[in-house]
Structure formats: C-alpha cells, structure tokens
Amino acid sequence: MSPDRPVRRGRYPLSLRRNAVAWERQQPTWREARPAVIARALKRAQARPSGNWFVVGASQDVRDDRPLARTVAGQELVVWRDAAGQLVAGPGVCPHLGAPLRDSPVRCGTLVCHWHGLSLRGTAFAGWEPLPVHDDGVLVWVRLDAVGGETPLEAPVVPVRPAPTRALSAVYIGVGTCEPEDVVANRLDPWHGAWFHPYSFVDLAVVDTAAVEDERVKHDEGGAAHEGEPVDEDAFTVDVSFKVAGRLVVPVRAVFTAPEPRTVLMRITRGEGAGSVVETHATPLGPDEHGRPRTAVIEAVVAASDRPGFSVARRMTPLLRPLMRTAAGRLWRDDLAYAERRWQLRSTGRFPG
Ligand code: FES
Ligand SMILES: [Fe+2]
C-alpha cells in the first residue's frame, strides 16, 4: 500500500502523495509485463467454461415500452419483459417478413411487430423461438449455444458482487474494432495502468502474479499430480492509488481474475470500498461492413461502501467516485484503443507478443 501520509478530509481516508513522481520518472513496467505471462493468462481464461452465455446489456436498460436490442456474433437479438415481468429473449428478426424487432414497441409485455402486427409474448410463436436469458440484477445475459459451441450451462458465470443494499452500480458500454480476446488481454495487463492512464492511476505496483506465473502442480481428486496444468485461481494482485484531485489519492489493493473467457473481474480487496468490483465483459457483435470484427465492452461497476449512514447522498465516497468514473468512458476510450491496436497487429501478423 502507499507509504504516503494518510489524511482525513471530512469522513474519508485519503492519502496525500508527498513524493509524487513525474510520469516519465516512474518505474517502467515493461520488463515485468511479459507478453508470455499475459498470453498464458489469456489462454487459461479462454479454457474456462462460459456455458455459451453472452452479456447483452444492463438490466436497467430493459424498459417497459421497447426491447433491449443487441447483435451478438451477427445474430440480432431482442430482450424485453413479458406480462408477468419475466425477462424474455429471442431473435430480433420478425418471423413473418423480417422486420427489425428492435424498432418494435412493447405493449403490456407483448412485443408487437410494427410492420404487420405479429404479437410475441415471449413463448414460441409463428416460427419465432425464445432463447435462454438471465437477469443477474445488473446485467442481462443471453445463451447462444450455436455461437458459443460449449456445453450449455443452466446459468452464466456471474462474479460475486457486494450486496445490492450496500452497493451502487453503473454500466458502461463501448464498441471497438477487435475481438473479445483483445479486450480480455488488455485487462490482463495491469502493468499499463499508471503509464497509460495517469489521469486515474498512480503508484501502481503489481505485487503478485504467482498464480499467473505458475508452473505449479495441480492435484486431481484422487491426488494425482498434473505437471504444468493451470490452477483455477489465476490472479494479478495490484497496489494502486486512484487519483481524486491534485495530490489526493485513495490507495487500494485490487485483484484481477478472469472467471470465464469473456470476463475480467477487478475486485478491491483492501482500502476504501473493499468488496467493490469492476466487471469487464467482452461480447462479440459480428463483422462490420469491411469484415472486421466488432466487440462490445460491457463494463459493470458495482461499488460498495460500509460507511455508516450509507445514504444516496453519501454514496459517492472518494474511491467510488473515480471507480464510477470508469463508467464515464475515458479509461475505456484508451483501453479500446489498446485492444483495437492489438487486433490490428494480430490480424496482420505484426503482434510482437
Ligand atoms: S414483418 Fe413482422 S409482422 Fe410482418
Ligand atoms: Fe487500462
């Protein structure tokens, strides 16, 4: 954690960076950020099951009067709530003559095609077949078995989050020209934080990559060892300070893991807002008009606070504010540029990693 002097400003434990280091004088991280380490962590993430579930958007974006629409791997999808308030999902192409159902209204839980009035109540009808859908309270997931190609799971792999009663959530959605793995690889490189995002992060140190670096031995249930097999608990542990204003920072410890192939989780484990999570989900959208892949970054920030009197007005404590700011897009504009660059280089055989 930061050695800097803790100061109290109001009720909040901020630190004052006394020996602030100029950006260009901070410790270079490129030697530690070994491409092979990131590549191995990515490979292990990709080997974990997703059960064919894809994040399509924020729960709060499913409104009463129109569907939430998303194209996943080239398939148009619509999600809405039926008359009983249950989430339903299915193809976004009307089975009659192909109207885009994303533009159709929802009336009393029925999606009514705006071309000729075909009514969908969420059950199979006239050639339209519903898809499995899951609302985890923050995000909506749809299961696409033909796209995922894995053994289906009953429910998606949803990270453990702080209890909603003591948390505040926000969802940021951005789109880049890249594949999901480029988004995941960006998040599995925590070393770029203070160099690439100096407006948000300072004094970043990756304190533990042991689980990632492992060539450890894994034991199966019978006790037999399998040399070199990945362990499940890949994690990058990072000490970093979130910039609040001027030299005021909030030092925290954060742990990055990849619970499934298209998700990277950052959990604050020490410091203000411990238990808060930032979940980055990468959803393949399909090719653009030039045949290049497009990927949505759907990022949920679920910020927790144990402060007494945790009222709406007090929710935005110093860490929560910069955390929620990740939802405002600057970090992701830069990180999407990183992911897009990675894809450009990969797709032309120029990626050095
Ligand atoms: S295209 Fe939807 S009802 Fe005709
Ligand atoms: Fe980043």
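For the structure, check the block above.
A brief structural summary. All residue numbers here refer to positions counted from 1 along the written sequence of the relevant chain. Written order determines the labels here, with chains lettered from A and ligands numbered from 1. Local features in a predicted model are, by the rule used here, given only for residues with pLDDT of at least 70; side-chain atom pairs are given and counted only at 80 or more, and totals for whole chains, interfaces and linings are based on all residues. Note that water and hydrogens are dropped before the side-chain values are worked out from all heavy atoms of the structure.

### Observations regarding the coordination of the iron ion (ligand 2)
In this analysis a donor is any N, O or S atom within 2.8 Å of a metal ion (3.2 Å for sodium, potassium and calcium), and since water is not included, sites may seem incomplete. Around the iron ion (ligand 2), the protein contributes the donor atoms H192 (NE2), H197 (NE2), D335 (OD) and D335 (OD), at 2.1 to 2.3 Å from the metal centre. Counting residues between consecutive donors of the iron ion (ligand 2) along the chain gives the motif H-x4-H-x137-D. Neither residue differs from the other here; H192 and H197 are each classed as buried. Per-residue accessibility, obtained with a 1.4 Å probe over protein chains only, is compared with the maximum for each type, and a residue is labelled buried under 20%, exposed over 50%, and partly exposed between these values.

### Here we look at the pairing of strand 17 (residues 248–260)
Most of strand 17 sits inside the fold, with 11 of its 13 residues counted as buried. For two strands to be treated as a pair, DSSP must find at least two bridges joining them. Numbering of helices and strands runs from the N terminus, with a helix taken as a DSSP run of H or I at least four residues long and a strand as a DSSP run of E at least two residues long. Summarising the sheet, strand 16 (residues 236–245) and strand 17 pair through 9 bridges and their orientation is antiparallel. Bridge pairing in strand 17 links K243 to V249. Once strand 16 ends, the chain turns through 2 residues before running back antiparallel as strand 17, passing G246 with a positive phi of about 55°. Judged from the 6 bridges that link them, strand 17 and strand 18 (residues 263–270) form a sheet pairing that is antiparallel. Counted as the bridge partner of E260 is T263 from strand 18. From the end of strand 17 to the start of strand 18, which pair antiparallel, there are 2 residues.

### Notes on the packing of aromatic side chains
Centre distance within 6.5 Å is the pairing criterion for rings of Phe, Tyr and Trp, where only the six-membered ring of Trp is used; planes under 30 degrees apart are then read as stacked, over 60 as edge-to-face, and the remainder as tilted. Counted according to the given criterion, the structure contains 4 aromatic pairs. Their ring planes at 75° and their centres at 5.0 Å tell us that W23 and W195 sit as a pair that is edge-to-face. Within this pair, whereas W23 is found in the loop between strand 2 (12–16) and helix 1 (35–47), its partner W195 is found in helix 4 (residues 193–196), the two being separated by 172 residues in sequence. For the ring pair W191 and F236, a centre distance of 5.3 Å and an interplane angle of 85° mean the geometry is edge-to-face.

### Here we look at the sheet that holds strand 6 (residues 87–91)
Read from one edge to the other, the open sheet built from 3 strands follows the order 4-5-6, with strand pairing classed as antiparallel. Each edge of the open sheet is held by one strand with a lone partner, namely strand 4 (68–72) and strand 6. Across the sheet, the mean angle separating the axes of adjacent strands is 25° when strand polarity is ignored. As judged from the 5 bridges shared by strand 5 (residues 75–81) and strand 6, these two strands associate in the antiparallel manner. Across the sheet, residue L77 finds its bridge partner in strand 6, namely P91. Axes, fitted as lines to C-alpha atoms, cover a helix only where it is in contact. Angles between the N-to-C directions of the axes lie from 0 to 180 degrees.

### Let's talk about the nonpolar core
In these notes, a set of buried Ala, Val, Leu, Ile, Met, Phe, Trp, Tyr and Cys residues joined through side-chain atoms within 4.5 Å is what counts as a nonpolar core. In this structure, L188, W191, F236, V240, F242, F256 and M266 are the most contacted members of the largest nonpolar core, which totals 32 residues. Among the elements of the structure, strand 2, helix 1, helix 3 (180–187), strand 13 (201–208), strand 16, strand 17 and strand 18 are those that each provide at least two residues to this core. No other element matches the 6 residues that strand 17 contributes to this core. Counting 13 residues, the second-largest nonpolar core is a separate cluster that includes V55, V138, A167 and V302.

### Comments concerning the sheet that holds strand 11 (residues 139–143)
As summarised here, the arrangement of the 3 strands in space is 3-11-10, forming an open sheet in which the pairing is antiparallel. Edge positions in the open sheet fall to strand 3 (53–58) and strand 10 (133–135), since each of these has one partner strand only. Pairwise comparison of adjacent strand axes, ignoring direction, gives a mean angle of 25° for this sheet. Two strands pair when backbone bridges link them, and strand 3 and strand 11 are joined in this way by 5 bridges, in the antiparallel orientation. Bridge pairing links V55 to W141 in strand 11.

### Some details on the packing of helix 1 against helix 3
In the contact formed by helix 1 and helix 3, the axes pass within 10 Å of each other and the chain directions differ by 125°. Comparing the axis directions of helix 1 and helix 3 gives the class oblique. Where helix 1 crosses over helix 3, the handedness of that crossing is right-handed. On helix 3, the residues touching I38, L42 and Q46 of helix 1 are E181, V184 and A185. Charged residues are taken to be Asp, Glu, Lys and Arg, nonpolar residues to be Ala, Val, Leu, Ile, Met, Phe, Trp, Tyr, Cys and Pro, and polar residues to be all remaining types, Gly included. Tallied by class, residues from the contact of helix 1 with helix 3 come to 4 nonpolar, 1 polar and 1 charged. Put simply, angles under 35 degrees are roughly parallel, angles over 145 are roughly antiparallel, angles from 65 to 115 are roughly perpendicular, and the rest are oblique. The sense of a crossing depends on the near helix, which, turned anticlockwise from the far helix by less than a right angle, makes the crossing left-handed and, turned clockwise, makes it right-handed. Only heavy atoms matter for contacts: two residues are in contact if any of them lie within 4.5 Å across the pair.

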